Amino acid sequence: MKVLKFGGTSVGSSKNINKVIAILETYSKDEDVICIVSAVGGITDKLLFAGQQAQNKDAGYIETFKTVEAIHTDIINALNETPTKSLIDHISITLKDLRSLLDGIFLINELSPKTSDKLVGFGEKLSSLIIAETLINRGLSAARKNTQELIITNSNFTKAEVDYSISNQLIREYFKSSDKSITILPGFIAKSRNGEDTTLGRGGSDFTAAIIAAALHADTLEIWTDVSGMYTTNPKLVKQAYPIKNISYQEAMELSHFGAKVLYPPTVQPVLDLNIPIHIKNTMEPEADGTIISNSPSNGSKPVKGISNINDIALLTLQGSGMIGIPGFSKRLFETLSQEKINVILITQASSEHSICLGIETNEADRAKTAIDQTFEYEITCHKIEPLTVEKDLSIVALVGDNMKNHQGLSGKMFSALGRNNVNIRAIAQGASEKNISVVIAEKDVKKALNTLHEQFFEIKTKQLNVFITGVGNVGERLVEQIKAQKKYLKDNLKINIRVAGLSNSRTMTFNEDGIDLKDWKSVLAAGEKASLNVFFETVKSMNLRNSIFVDITANADVASLYEDYLRESIGVVACNKIACSSDLDHYNLLKRLSLKYNAPFLFETNVGAGLPVIDTLNNLIASGDKVTSIQAVLSGSLNFVFNNFNKDTKFYDVVKQAAAEGYTEPDPRIDLSGVDVARKILILARESGVEMNLEDIENKTFLSESGLQSDTVEDFYQTLIKDEAHYQKLYASAASKGSQLKYVAKFNKGKASVGLEEIPQGHPFYNLEGKDNIVMFYTTRYPEQPMIIKGAGAGADVTASGLFADIIRIGNN
């Protein structure tokens, strides 16, 4: 004999009830089936609402009753082409009784617990009648038995206590004589010894099923719901969550206590006492494995079985030096809460005895504070302890697993994973059994915390990066395309899952916390909302995704000014924009400190050599104990392209225009040609070498004409290039006469730096530098004569995008 229970969602529509009937028909072919059903989804709330309306003399209860009537009538007609007279008669009588009860409540405007029990029980009575009569109408061997004739309780209305000796005897006697293949029972309802209607409280239908299964010593109790078992965590918040195949009673109890809604722990106590396994199944996917809860689950290798959470938590803190070494404070505190009927969800106390922290439901916090401050009024007046402090908008997140006690370092992994993502822990609780580690965090961080911990403990070590890109122009487009092309490779080989969650250009911006579809990202961005730097930041902050990275591909000072805001939120920053790292030294140092303090990576490889690993190499030299003594470099792919293509047969204006058209210069070429861009790059290298320096400390030997330096607009600047062609030809002629090449060189030596155009003789490493290439020579204590040389393309959209991509991957690998 099998015992099955179907919840409100499972019987919430004719479509779902047909699925229930199909399951019962299949099961009944092999053995007899007992089926306990809840009320149709939402009906219990409607019944309570109608009762409250009637009690308040609100005639609207009649309309609510009619809604209840219509819902059940629609289900009957959808399930039965020709409803039987028996079904129509039974439903009519039951609905008539319901209306009479509501009319009575309206007349005397009273809704006692006793009347409430009678009222809400109509939901299960109606659903069980419909299902039983439909089964019979379809020719199946079925019967309905009123559970109130089997389960006897005391008169503690709304949460009656079962008399097991009488109930078990009645259940066994009935089913011993029953000859039907399928028996339908209404859940939740019972009768007192005095014959009054009672209910079994929260999770009452599960309780009914557990009582029946225990009384008959069933092999298994199956609870059918709308999810495929107990999940590793909330699947609505963590898309990677998956059903747990096997779990122990204790693990299930812990997960259920901390928010898993599949079952309510006290209701399954009867089967737990007899070691009867509970099988959680999905009515919508009956073939799915579901979850088996038993005393001897196959635990596998994972020490953590699940992650759960409770929202709407308030943290109460009682503290003061007068508590130390004085017995009785805890007793008085808990007695006060007990008298107020306030349930304590979490307890933690410092070993110094200076404070006690309690987690309770937020809606009870104000009542708790008033009562506790009154209890300790004398001690507060004498300043022995402080008035109770209350923190709201909190949640509890718990790791659960029977085998956690056998694994070292789980707490450390939990706390470090949360810390890396800026999830602040307000309180910690862990029992000596080590089956549960609980932390109290801000409610706004719950989704990020669950995703972070699930990634840490359940996923195949795949790190998800949530990337937000601003400045999606030439370079940005290439970066998005590179991410799209390499997404599968990174996931398969480096276990990094990059999700582009936000995009912005100068006109529009768009966001999607599940990841923007990169197959159609251009049209998605074009249809986005109006771009705003501050709104972009606030949106990234409010989305609060784990491993978030802000990528700046602009040359905008306003964007750079926001870096510290991102870092303070533990959002990593990858910058192509040089402005921040070449800004005032104090600001540069602040960004570095914030990066360390908030564990937020701050990477800017493309600031110097586009895709070349210049800064990474320098950092590795410094980290290994080497010391930079001198740097010589050609750091502008733009200027190298210009002077490699400029000669007596070309016009300087034409070459600069060509460089701009091919994407080698900034939109304003004065940034490149003035030497400011190169000065910023050597400044960044000097700073990364450990030298404190500002931009004004760098000597800039400009080659531009005076009119070029004085130009007000980009167009004016281009006109000066035409007018001053002779000036630039003179520079070329001087170098050519000596057999030299013109190169714009950056130098750092003995704490001083300079940038300027130089005539490079044959044989020098810079002489044959072609096209847009860059070259950097590091002279160090380990490379005093033969420098370490890094050489390659130093400009261009593709290589710059690849440098940004490399920084993103670097964060993923850390």
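As the structure is a prediction and not an experimental result, all values here were calculated from the model.

Attention now moves to the overall build of the protein chain. For the protein chain, the count of helices and strands is 31 helices and 30 strands. Its C-alpha radius of gyration of 36 Å places the protein chain more than 25% over the 28 Å reference for a compact globule of 814 residues. Projected onto its principal axes, the C-alpha positions of the protein chain cover 115 × 75 × 55 Å. Residues counted as buried form 53% of the 814 residues belonging to the protein chain. Counting only carbon and sulfur atoms, one obtains 49% of the accessible surface of the protein chain, whose full area is about 35100 Å². Looking at charge distribution, the protein chain has the averaged site of its 86 positive side-chain charges lying 2 Å from that of its 97 negative ones.

Further remarks concern the sheet that holds strand S5 (residues 182-186). Pairing is mixed across the open sheet formed by 8 strands, whose spatial order is S3-S5-S2-S1-S8-S10-S11-S9. Strands at the two margins of the open sheet, each flanked by one partner only, are strand S3 (142-144) and strand S9 (246-248). Each adjacent strand pair in this sheet contributes to an overall mean axis angle of 20°, direction not counted. In this sheet, S5 lies alongside strand S2 (residues 33-37) in parallel orientation, the contact comprising 5 bridges.

Core analysis: the biggest nonpolar cluster contains 78 residues, and Tyr563, Phe652 and Ile682 have the highest contact counts within it. Here this core takes 7 residues from helix H27 (residues 676-688), the largest share from any one element. Not counting residues up to four positions away in its chain, the partners in contact with Ile682 are Ile631, Leu635, Ile698, Ala746, Lys747, Phe748, Ala753 and Val755. In this structure, Val37, Val68, Leu111 and Leu126 belong to the second largest nonpolar core, which totals 45 residues.

Helix packing for two helices is described by the angle between their axes and how far apart those axes are. Across the interface, helix H23 (residues 614-623) lies against H27 with an axial gap of 10 Å and an inter-helix angle of 20°. Classified by the angle between their axes, H23 and H27 sit roughly parallel to one another. As H23 runs across H27, the sense of the crossing is right-handed. Here Val614, Ile615, Leu618, Asn619 and Ile622 of H23 come into contact with H27, specifically with Ile684, Leu685 and Glu688. A breakdown of the residues in the contact of H23 with H27 according to their chemical character gives 6 nonpolar, 1 polar and 1 charged.

Right, let's talk about the side chain of Thr780 for a bit. Checked against the element boundaries, Thr780 lands in strand S29 (residues 773-780). A distance of 2.7 Å separates the side chain of Thr780 from the side chain of Asp626, its partner in a polar contact. Of note is the side chain of Thr780, whose polar atom sits 3.1 Å from the backbone nitrogen of Arg782. Those residues in contact with Thr780 that lie beyond four places of it in its chain are Leu621, Asp626, Lys627, Val628 and Thr629.

What follows is about a negative patch on the surface. A cluster of acidic residues, Asp584, Asp586, Glu692, Glu696 and Asp697, forms a negative patch at the surface. Within the secondary structure, Asp584 is located in the loop between strand S23 (572-575) and helix H21 (585-597).

Here the focus is the sheet that holds strand S14 (residues 355-361). Pairing in this open sheet of 6 strands is antiparallel, and the strands run S13-S14-S12-S15-S17-S16 from one edge to the other. Taken across any chain shown, the strands that pair with only one partner, and hence form the sheet edges, are strand S13 (346-349) and strand S16 (425-430). In this sheet, neighbouring strand axes are inclined to one another by 30° on average, regardless of whether the strands run parallel or antiparallel. The pairing of strand S12 (residues 306-319) with S14 spans 7 bridges and is antiparallel. The residue of S14 that forms the bridge with Ala314 is Ile360. Packing of helix H11 (residues 329-339) onto the sheet brings it into contact with S12, S13 and S14, and relative to S14 it is tilted by some 15°.

What follows is about the pattern of salt bridges. For the coordinates displayed, the defined rule picks out 39 salt bridges. The partner of Lys392 in a salt bridge is Asp366, with the nearest N and O atoms 3.0 Å apart. One end of the pair, Lys392, is in strand S15 (residues 389-400); the other, Asp366, is in helix H12 (residues 365-375), and 26 residues separate them in sequence. By relative accessible area, which is 36% here, Lys392 ends up partly exposed. Two residues, Lys541 and Glu569, come together in a salt bridge whose shortest N-O distance is 3.9 Å. Of this pair, Lys541 sits in helix H18 (residues 533-543) while Glu569 sits in the loop between helix H20 (563-568) and S23; the two residues are 28 residues apart in sequence, bridging distant segments of the chain. Under the relative-accessibility criterion, Glu569 is labelled partly exposed at 24%. Within the structure, one salt-bridge network assembled from shared partners comprises Lys125, Lys191 and Asp197.

A few words now on H21. End to end, H21 covers 18 Å across 13 residues, agreeing with the expected 18 Å (1.5 Å per residue, within 8%). Where H21 is buried, its residues contact H20, strand S24 (602-603) and H27. Between the side-chain oxygen of the N-cap and the backbone nitrogen of Asp586 there are 3.0 Å, and the N-cap of H21 in question is Asp584. Positioned one or two residues after H21, Asn599 has a phi angle of 55°, which is positive.

Unusually for a residue other than glycine, Thr158 sits at a positive phi of about 75°. Tracing the backbone through its elements, the reader meets Thr158 in the loop between strand S4 (152-153) and helix H7 (164-177). In this structure, Asp312 takes a positive phi of about 55° despite not being glycine. Within the secondary structure layout, Asp312 lies in strand S12.

The topology assignment puts Gly528 in the loop between helix H17 (521-526) and strand S21 (529-530). Gly528 sits in the partly exposed class, given a relative accessible area of 23%. Put simply, Gly528 and Val33 are 495 residues apart on the chain and 55 Å apart in space, counted from C-alpha to C-alpha. Discounting chain neighbours no more than four positions away, the residues touching Gly528 are Thr508, Met509 and Thr510.

On to the pairing of strand S20 (residues 508-511). Of the two faces of S20, both are covered, the one formed by Thr508 and Thr510 as well as the one formed by Met509 and Phe511. Summarising the sheet, strand S19 (residues 496-504) and S20 pair through 3 bridges and their orientation is antiparallel. Counterpart to Gly502 in the pairing with S20 is Phe511. Direction of pairing for S20 relative to S21: antiparallel, over a ladder of 2 bridges. Of the residues in S21, the one forming a bridge with Met509 is Glu529.

Moving on, we get to the packing of aromatic side chains. Tallied over the entire structure, the rule returns 24 aromatic pairs. Measuring from ring centre to ring centre gives 5.2 Å for Phe643 and Phe703, while their planes differ by 75°; the resulting arrangement is edge-to-face. Linking Phe643 in helix H24 (residues 637-645) with Phe703 in the loop between strand S26 (699-701) and helix H28 (706-710), this pair joins segments that are 60 residues apart in sequence. By the ring-pair criterion, three or more aromatic residues cluster together here, those being Phe511, Phe536, Phe537, Phe550, Tyr563, Tyr566, Phe602 and Phe604. Of note, Lys57 hangs over the ring of Phe106, and the distance from its end group to the ring centre comes to 4.7 Å. Here the guanidinium or amino end of Arg687 rests over the ring plane of Tyr588, the centre of that ring lying 5.0 Å away.

Calculation rules
- Residues numbered from 1 in each chain as written.
- Predicted model: local features only at pLDDT ≥ 70, side-chain atom pairs only at ≥ 80, totals over all residues.
- Heavy atoms only, no water.
- Helix = DSSP H or I, 4+ residues; strand = E, 2+ residues; numbered from the N terminus.
- Rg over C-alpha atoms; globule rule 2.2 N^0.38 Å.
- Buried < 20%, exposed > 50% of the residue type's maximum accessible area, 1.4 Å probe, protein only.
- Areas by Shrake-Rupley, 256 points an atom, 1.4 Å probe, with all protein chains shown as cover.
- Lys, Arg positive; Asp, Glu negative; His and termini not counted.
- Charge placed at Lys NZ, Arg CZ, Asp CG, Glu CD.
- Pairing = 2+ DSSP bridges.
- Axes fitted to C-alpha atoms, helices over the stretch in contact; angles between N-to-C directions.
- Core = buried A, V, L, I, M, F, W, Y, C linked by side-chain atoms within 4.5 Å.
- Contact = heavy atoms within 4.5 Å.
- Parallel < 35°, antiparallel > 145°, perpendicular 65-115°, else oblique.
- Left-handed = near helix turned anticlockwise from the far one by under 90°.
- Nonpolar A, V, L, I, M, F, W, Y, C, P; charged D, E, K, R; others polar.
- Polar contact = N/O pair within 3.5 Å; in protein donor to acceptor, adjacent residues only side chain to side chain.
- Patch = residues over 30% accessible without salt bridge, like charges linked within 9 Å, V, L, I, M, F, W, Y side chains within 5 Å.
- Salt bridge = Lys/Arg side-chain N within 4 Å of Asp/Glu carboxyl O.
- Expected span 1.5 Å × (residues − 1).
- Phe/Tyr/Trp six-rings, centres within 6.5 Å; stacked < 30°, edge-to-face > 60°.
- Lys NZ or Arg CZ within 6 Å of the ring centre and 35° of its normal.

Everything listed here is a matter of geometry and, on its own, says nothing about what the molecule does.
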